[in-house]
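# Working through the structure, step by step
Chain by chain, the residues run as shown.
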Amino acid sequence: MASIKHKLGATFLLLAMAESGVQAFLGPVVAHSYTTVAAASTSPVMESQDRASLAPKLFDWYSKNGIKDISKVCVGPASQQEWGMGLVATAPIKRGEQIATIPLTLCLSMDSVRLSPVGKAVGGFEPTLGEASLIALQLLYEASLGPKSKYAVYIQSLPREGQDGFDHPLFWSPAEQAILAKSSTRNLQETLIDAVAADFSWIECNILARGAVVGLGADAFDLATYEWAVAVVLSRSFFADNGLRLAPLLDMANRGEGCQNEPEVGGLGIFGGKGLKIAADRDTNKGQEIVISYGPKSGIEFLEDHGFVPPPVAGNVLVGGLCALTFELSKEEDRFFDDKEDVMSELKLPMAFSFDVRSDGDVDPEMLQFLRFLNLGGKDAFLLEAVFRNEVWSFMEAPVSEENEQKVDNMIIQACTKALADFEEAEKLSENMLKTSGVSPLTIARLESLTRVRESEKGALEATQAWANRDLMTGDLKVYYQERRLEELQLSGPLMDNELMDNAGGRRTTNLDW
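Bear in mind that the values here come from a model prediction, so they are computed numbers and not experimental data.

So, how was this worked out
Residues numbered from 1 in each chain as written. Predicted model: local features only at pLDDT ≥ 70, side-chain atom pairs only at ≥ 80, totals over all residues. Heavy atoms only, no water. Axes fitted to C-alpha atoms, helices over the stretch in contact; angles between N-to-C directions. Helix = DSSP H or I, 4+ residues; strand = E, 2+ residues; numbered from the N terminus. Contact = heavy atoms within 4.5 Å. Nonpolar A, V, L, I, M, F, W, Y, C, P; charged D, E, K, R; others polar. Core = buried A, V, L, I, M, F, W, Y, C linked by side-chain atoms within 4.5 Å. Buried < 20%, exposed > 50% of the residue type's maximum accessible area, 1.4 Å probe, protein only. Expected span 1.5 Å × (residues − 1). Pairing = 2+ DSSP bridges. Salt bridge = Lys/Arg side-chain N within 4 Å of Asp/Glu carboxyl O. Bend = angle between axes of the 7 residues up to and from the residue. Polar contact = N/O pair within 3.5 Å; in protein donor to acceptor, adjacent residues only side chain to side chain. Left-handed = near helix turned anticlockwise from the far one by under 90°. Phe/Tyr/Trp six-rings, centres within 6.5 Å; stacked < 30°, edge-to-face > 60°. pLDDT = per-residue confidence, 0-100.

It is at 8 Å that the axes of helix 11 (residues 299-306) and helix 17 (residues 441-472) come closest, and there the two elements cross at 145°. Of the residues in helix 17, those touching helix 11 at Gly-299, Ile-300 and Leu-303 are Ser-449, Leu-450, Val-453, Ser-456 and Glu-457. A breakdown of the residues in the contact of helix 11 with helix 17 according to their chemical character gives 4 nonpolar, 3 polar and 1 charged.

This part covers the nonpolar core. In this structure, Tyr-62, Leu-216, Phe-221, Tyr-226 and Trp-228 are the most contacted members of the largest nonpolar core, which totals 94 residues. Ignoring sequence-local partners within four residues, the contact set of Tyr-62 consists of Ile-67, Ile-70, Val-75, Pro-248, Leu-249 and Met-252. Among the nonpolar cores identified, the runner-up in size contains 40 residues, and Val-343, Phe-388, Cys-416 and Ala-419 belong to it.

With that settled, the discussion passes to helix 10 (residues 223-236). Residues lying three or four places apart along an α-helix face the same way, a consequence of the helix completing one turn every 3.6 residues. An ideal rise of 1.5 Å per residue puts 20 Å on 14 residues; helix 10 measures up with 20 Å between its terminal C-alpha atoms. Here helix 10 lies mainly inside the structure; 13 of its 14 residues are buried.

Before going further, it helps to spend a moment on the sheet that holds strand 6 (residues 254-255). Pairing is mixed across the open sheet formed by 4 strands, whose spatial order is 1-2-9-6. Each end of this open sheet is capped by a strand with a single partner; those strands are strand 1 (73-77) and strand 6. When strand 6 meets strand 9 (residues 289-292), the two strands line up parallel, connected through 2 bridges. In the sheet register, Arg-255 faces strand 9, and the bridge partner there is Ile-292. Running over the sheet, helix 3 (residues 55-64) touches strand 1 and strand 2 (85-89) and is turned about 155° from strand 1.

What follows concerns the pattern of salt bridges. Under the counting rule described, the total for this entry stands at 24 salt bridges. With its nearest N and O atoms 2.7 Å apart, the salt bridge here joins Asp-167 to Arg-446. Placement of Asp-167 in the loop between helix 7 (152-157) and helix 8 (174-181) and of Arg-446 in helix 17 is noted, with a sequence separation of 279 residues between them. For Arg-446, a relative accessible area of 1% corresponds to the buried category. A salt bridge links Asp-339 to Arg-389; the nearest nitrogen and oxygen atoms lie 3.9 Å apart. Linking Asp-339 in helix 13 (residues 337-347) with Arg-389 in the loop between helix 14 (365-374) and helix 15 (392-395), this pair joins segments that are 50 residues apart in sequence. Of the residues examined, Asp-339 reaches a relative accessible area of 28% and is grouped as partly exposed. The structure contains a network of salt bridges with shared partners spanning Asp-111, Arg-114, Asp-241, Arg-245 and Lys-274.

This part is about the sheet that holds strand 8 (residues 274-279). Reading across the sheet, the 3 strands line up as 3-8-7 and stay open at both edges, with antiparallel pairing between neighbours. The sheet is open, and its two borders are formed by strand 3 (98-103) and strand 7 (264-267), each paired with just one other strand. For this sheet the average axis-to-axis angle between neighbouring strands, irrespective of direction, equals 40°.

Another point: helix 9 (residues 188-208). At Asp-194, helix 9 shows its largest kink, close to 35°. Among the residues making up helix 9, those that are buried are Leu-188, Leu-192, Ile-193, Ala-195, Val-196, Asp-199, Phe-200, Ile-203, Asn-206, Ile-207 and Leu-208. Packing partners of the buried residues in helix 9 comprise helix 5 (117-121), helix 6 (131-144), helix 8, helix 10 and helix 11. Capping the start of helix 9 is the job of one residue whose side-chain oxygen sits 3.1 Å from the backbone nitrogen of Gln-189: Asn-187.

Before going further, it helps to examine the packing of helix 14 against helix 16 (residues 402-434). In the contact formed by helix 14 and helix 16, the axes pass within 9 Å of each other and the chain directions differ by 115°. Two packed elements cross with a definite hand, and for helix 14 against helix 16 that hand is right-handed. Contacts from Met-367, Leu-368, Leu-371, Arg-372 and Leu-374 of helix 14 reach helix 16 at Asn-404, Glu-405, Val-408, Met-411 and Ile-412. Of the residues that constitute the contact of helix 14 with helix 16, the class distribution is 7 nonpolar, 1 polar and 2 charged.

The next point concerns the packing of aromatic side chains. For the coordinates displayed, the defined rule picks out 20 aromatic pairs. Measuring from ring centre to ring centre gives 5.7 Å for Phe-59 and Tyr-62, while their planes differ by 70°; the resulting arrangement is edge-to-face. Of this pair, Phe-59 and Tyr-62 both sit in helix 3, separated by 3 residues, roughly a single helical turn. A relative accessible area of 18% means that Phe-59 is categorised as buried. Accessibility expressed as a relative area gives 0% for Tyr-62, which makes it buried. Ring centres of Trp-61 and Tyr-154 lie 5.9 Å apart, and the angle between their planes is 15°; this geometry places the pair in the stacked category. Taken together, the positions of Trp-61 in helix 3 and Tyr-154 in helix 7 put the pair 93 residues apart, joining distant regions of the chain.

The next subject is the side chain of Ser-183. Topologically, Ser-183 is positioned in the loop between helix 8 and helix 9. Within the structure, Ser-183 has its side chain in polar contact with the backbone oxygen of Ile-179 (distance 2.8 Å). Excluding anything up to four places from it in sequence, Ser-183 contacts Phe-423, Ala-426, Leu-450, Val-453 and Arg-454.

Turning our attention to the confidence of the model for the protein. Per-residue confidence for the protein gives a mean pLDDT of 84; residues scoring 70 or more make up 83%. Predicted confidence for residues 315-320 stays below pLDDT 50, and this span has 20 contacts to residues more than four positions away or in other chains.

Encoded structure:
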């Protein structure tokens, strides 16, 4: 699976690693571009040509481990040199023709984690990053077994950092990551980089230091190696059958523009079991590369999952623009926080939500519902009383009051304004970095990816901001809670003659001269 789509001419300096366990088998897998420590390990280094020379052995391993329908496929040079390796047709393939079936039992996944020694050791651990952290740990456990591992040949074929364009935000310098943090409404510093560090800290204390898994001692691997393993899992896996799956052979397939052929789960025939199946998206001639779809994703999702951002060509998801706005109930700023916390707790809802916003200006009704609830206060605070506790959340599906709606719109405008200001700051930081003497092609490529992320999100933010500004001007056209409630109680219409009372307390029966 390809990483960033740019030819990299930078020389990668390698981290020093011990000649034992995981790192002895892998060789120097990590080469953060900002590292200045020379490699000390004498274990064999997997260069690009070594990966290519492994192709026949790797394909034999595929066949021996139950991968089917690969008679017209081989592993070879990708159609673009910077992509490295890919799947190549050895004979003409028709659109819709099956090109590979990988047994789910061969995939590295949470299923395989549970069945391995790693599964017993991590019982009860809930990684911040999720299942990718545990699959990465199993990958490193298999590497620690060396040639004894069932996956030895497969692991040797995986790209090391910098090989065949393999890049990921986990490998970036702190300065590059700082620009990343201001280039998207999704904070990868927190949700990815810090999450991986937190998960490694737990693994280091509870697995490595305690020797909880045979072969994974205190010096088995470091954070940089773990980051490499996580990057491999994120960039080469597919979500299928309710879980993330690192599927050998399928992970060699590069993304094709306009492709619709995502892997699907199907049966393996009379012998039972399930497999990941992939069919050709288009007619492919002998010698041509076979490409697939990585699914519809936003720019930041491509960067997090695959380490690159596709160019914004007509028809792909980046044209439409997609980003997220996050809002949270704050104890410091809300005197009604405790009441709102009780409501959310009873409903088993979180105190913070992230909502997708798009460049078509279509605002998520659930975002408006949460923001109305978040801004409840003043004359509307009575809705937080115990008598309304079971209904208040549903009340938020429609406008509460004009004042509340104005607060909602202003909150959306402020969130968009802040994000756009961050984008401007990121652009300035990028310009300054590009002016640095000796800036590497790798850094240039990374900054170009961030430019694409910002451009893809900017349209969504501007459209959402414009929607909120328009909505501010329609306050007098909306129907608010009190009016709706009166209508429900049939108290909003004009009084009928038989509803009027005279001075003595009796009903008037004659027409009134108004």
